[in-house]
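One letter stands for each residue in the lines below.
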Amino acid sequence: MRIGAITRDAVLRAVAEYDQLGRTEFLAKYGFKESLSYVLVHEGGWYDSKAIVGVAHLWDHGRALLPAEFSGGKDHAAVWLRRAGFKVKAVKNPDWARDEIILACHLVMANGWKGLDANDRRVIELSDLLQLMPVHAEADRNEKFRNPNGVARKTFDIATRHPDYQGKPTNGGALDVEVLNDFLAKPAEMTEVAQLIREGITTGDLQSLPLDEEEELDDYSAPEGRLLMRRHRSRERNKSLRKKKIAAVLRQGGLLNCEACGFDFEEVYGERGDGYIECHHVVPLHEAGEGRTKLSDLALICANCHRMIHRRAPWPTPKELRAFIETRRVGQNRVPAQQRNASAAEEPANLV
């Protein structure tokens, strides 16, 4: 028996029992609590998604799932219900992403670091823009997602964290303060970032980017936010540009080794590594608009150095990373020979 293999008919039977017993009695009968994350929406009614899935399992497999056996979130109950053809909605809206806070903070800065009311036309315009941003999945939003009231509250969360504000700050998160400090430290650069995000959403450039890079991007750090990072990675993965860059380097008599550490894939892997190298877009995100990428914007680097560049902001250039690597190598070579020999002696011998 595979947990989660529920059918549409079984879900409908669970919904029918839910309607017959009522919410309180249905949840008590099967030991479930009210849903905190997602609800099933069916024929105008809202149902606790986790409880419905657990009871649907009874009709398909002869026993109801226990609450501890699965989650009511998007990894289990919610996704299983969608696979069965049902609509699932979030109970609470997702936390604000960095990209969204950048736009809100830019608005607060333009307003003299003061919060704005919900009926302000600029708040209404930003609300409309945020609802177009491909940062949060549709199923993770409810009917109040980034409405003018929520946007106005966020502007006050930011404004009341400004160093010059004398009153008590409203509720806000650490990310609000982080973005605020970035705007205070580098207002021109962050204004350019906000404008790039705004333009990308308005033109549709950022809306058309793939969403399946989320997991990989979790290990990357970019002050400019996730949307511009997606566009950056999309350009780096452009196969046509990569081939042209490699061809240009070879025509000039260059080698396909990493510009940061010198690694050569063909030298290490032989024929399997022939012609392979990754491309890194060296133009900072806040400067990379919607114009065409030039070959001079690209650097050839190995996968390890590419990951290390993107891992923590501010990103070093391949030249800066190479200088760091060379400095470490020199430092390691200066370790006294007697100390190196002692360290080697402490290592276990290889067993044949």
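Everything in this summary refers to the structure shown in the same document. Being a predicted model, the structure only gives us computed values, none of them experimental. (Residues numbered from 1 in each chain as written. Predicted model: local features only at pLDDT ≥ 70, side-chain atom pairs only at ≥ 80, totals over all residues. Heavy atoms only, no water.)

Time to look at helix 6 (residues 121-130). Every buried residue belonging to helix 6 is among Val123, Leu126, Ser127, Leu129 and Leu130, and all of these are buried. For helix 6, the angular spread of buried residues about the axis comes to 165°, placing them on one side. In the core, the buried residues of helix 6 are packed alongside helix 5 (98-110), helix 7 (148-159) and helix 9 (187-203). Where helix 6 begins, the side chain of Asp120 points an oxygen toward the backbone nitrogen of Arg122, at a separation of 2.8 Å. (Buried < 20%, exposed > 50% of the residue type's maximum accessible area, 1.4 Å probe, protein only. Helix = DSSP H or I, 4+ residues; strand = E, 2+ residues; numbered from the N terminus. Arc of directions from axis to C-beta. Contact = heavy atoms within 4.5 Å. Polar contact = N/O pair within 3.5 Å; in protein donor to acceptor, adjacent residues only side chain to side chain.)

Another point: the packing of aromatic side chains. The final tally for this structure, using the stated rule, is nine aromatic pairs. When the ring of Phe26 is compared with that of Tyr30, the centres are 5.4 Å apart and the planes differ by 55°; the resulting orientation is tilted. Of this pair, Phe26 and Tyr30 both sit in helix 2 (residues 23-30), separated by four residues, roughly a single helical turn. Ring centres of Phe263 and Phe265 lie 5.0 Å apart, and the angle between their planes is 80°; this geometry places the pair in the edge-to-face category. One residue, Arg13, lies across the ring of Trp59, its end atom 3.8 Å from the ring centre. Lying over the aromatic face of Tyr38, Arg82 brings its terminal NZ or CZ to 5.9 Å of the ring centre. (Phe/Tyr/Trp six-rings, centres within 6.5 Å; stacked < 30°, edge-to-face > 60°. Lys NZ or Arg CZ within 6 Å of the ring centre and 35° of its normal.)

The next thing to look at is unusual backbone geometry. For Glu43, which is not glycine, the phi torsion reads 50° and is therefore positive. Here Arg146, not a glycine, exhibits a phi torsion of approximately 45°, which is positive. Here Arg146 is to be found in the loop between helix 6 and helix 7. Taking relative accessible area as the criterion, Arg146 reaches 5% and is therefore assigned buried.

The subject of this paragraph is the sheet that holds strand 2 (residues 45-48). One open sheet holds the three strands; their spatial order is 2-1-3, and the pairing between them is antiparallel. Two strands in the sheet have a free side with no partner beyond their single neighbour: strand 2 and strand 3 (87-90). Along the sheet, successive strands turn relative to each other by an average axial angle of 40°, direction set aside. Note: strand 1 (residues 38-42) against strand 2, four bridges, orientation antiparallel. When the sheet's bridge partners are listed, Val41 is paired in strand 2 with Trp46. Lying on the sheet, helix 1 (residues 8-21) is in contact with strand 1 and strand 2; it crosses strand 2 at an angle near 100°. (Pairing = 2+ DSSP bridges. Axes fitted to C-alpha atoms, helices over the stretch in contact; angles between N-to-C directions.)

This is a description of form; function is not addressed.
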